[in-house]
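Per-entry structural report
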Amino acid sequence: MLLPVLRQPASVSEEFSQEKFDDWENALIFWAIDRGLFLSYNPRATDFVNQIVNILLSNSDNLSIGSYLKFNL
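Summarised in this report is the structure supplied together with it. Model, not experiment: these values are computed from the prediction. (Residues numbered from 1 in each chain as written. Predicted model: local features only at pLDDT ≥ 70, side-chain atom pairs only at ≥ 80, totals over all residues. Heavy atoms only, no water.)

**Details of the side chain of Ser67**
Looking at the element boundaries, Ser67 is found in strand β3 (residues 67–72). Beyond its immediate sequence surroundings of up to four residues, Ser67 is in contact with Asp34, Arg35 and Gly36. (Helix = DSSP H or I, 4+ residues; strand = E, 2+ residues; numbered from the N terminus. Contact = heavy atoms within 4.5 Å.)

**Re the environment of Asn42**
Among the structural elements, Asn42 can be located in the loop between β2 (35–40) and α2 (48–59). Spatially, the C-alpha atom of Asn42 lies 8.7 Å from that of Asn72, the residues being 30 residues apart in sequence. Beyond its immediate chain neighbours, meaning those up to four positions away, Asn42 contacts Phe48 and Leu73.

**Overview of a nonpolar patch on the surface**
Together, Val49, Val53 and Leu57 give the surface a local cluster of nonpolar side chains, amounting to about 280 Å² of exposed area. Positionally, Val53 belongs in helix α2. (Patch = residues over 30% accessible without salt bridge, like charges linked within 9 Å, V, L, I, M, F, W, Y side chains within 5 Å. Areas by Shrake-Rupley, 256 points an atom, 1.4 Å probe, with all protein chains shown as cover. Salt bridge = Lys/Arg side-chain N within 4 Å of Asp/Glu carboxyl O.)

**Focus on the nonpolar core**
Leu37, Leu39, Tyr41, Phe48, Ile52, Ile55, Leu56 and Leu63 form the largest nonpolar core, which has eight residues in total. Of all the secondary structure elements, the ones that give two or more residues to this core are β2 and α2. Counting residues per element, this core draws most heavily on α2, which supplies four residues. Apart from the residues within four sequence positions on either side, Ile52 is in contact with Leu39, Tyr41 and Leu73. Counting six residues, the second largest nonpolar core, distinct from the first, contains Ala10, Phe21, Trp24 and Tyr68. (Core = buried A, V, L, I, M, F, W, Y, C linked by side-chain atoms within 4.5 Å. Buried < 20%, exposed > 50% of the residue type's maximum accessible area, 1.4 Å probe, protein only.)

**Remarks on the pairing of β3**
Two faces belong to every sheet, and in a regular strand the side chains alternate between them. By the bridge criterion, six bridges tie β2 to β3 in an arrangement that is parallel. Counted as the bridge partner of Arg35 is Ser67 from β3. Of the crossover connections in this fold, the one passing from β2 over α2 to the parallel β3 is left-handed. (Pairing = 2+ DSSP bridges. Right-handed = clockwise from strand over helix to strand, strands pointing away.)

**Details of helix α1 (residues 14–30)**
A rise of 1.5 Å per residue sets the reference length of α1, with its 17 residues, at 24 Å; its end C-alpha atoms lie 25 Å apart and thus fit the reference within 8%. For α1, the full list of buried residues reads Ser17, Phe21, Trp24 and Leu28. Taken end-on, α1 shows its buried residues confined to a sector of 70°, consistent with a single buried face. Turned more than 90 degrees from where α1 packs its buried face, Glu15, Glu19 and Phe30 sit exposed. Following α1 by one or two positions, Ala32 has its phi on the positive side, about 60°. (Expected span 1.5 Å × (residues − 1). Arc of directions from axis to C-beta.)

Shape is all these values report; function is a separate question.
So, in structure tokens, the structure goes:
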């Protein structure tokens, strides 16, 4: 049985990325959401949509319970 994964794409500067991730992770824990992927991306980068999709596809099914991963693209 696959458990749902909360995915959060965010377009934030590197300066604020960790703070936003920490708030996001705490909210997931509070709401008892067991797994999550946080993707910080630059909307001006070429091919950022494909990068986001590839990360989501390759990590969603294999993410263990209690894992909250952060990716910077």
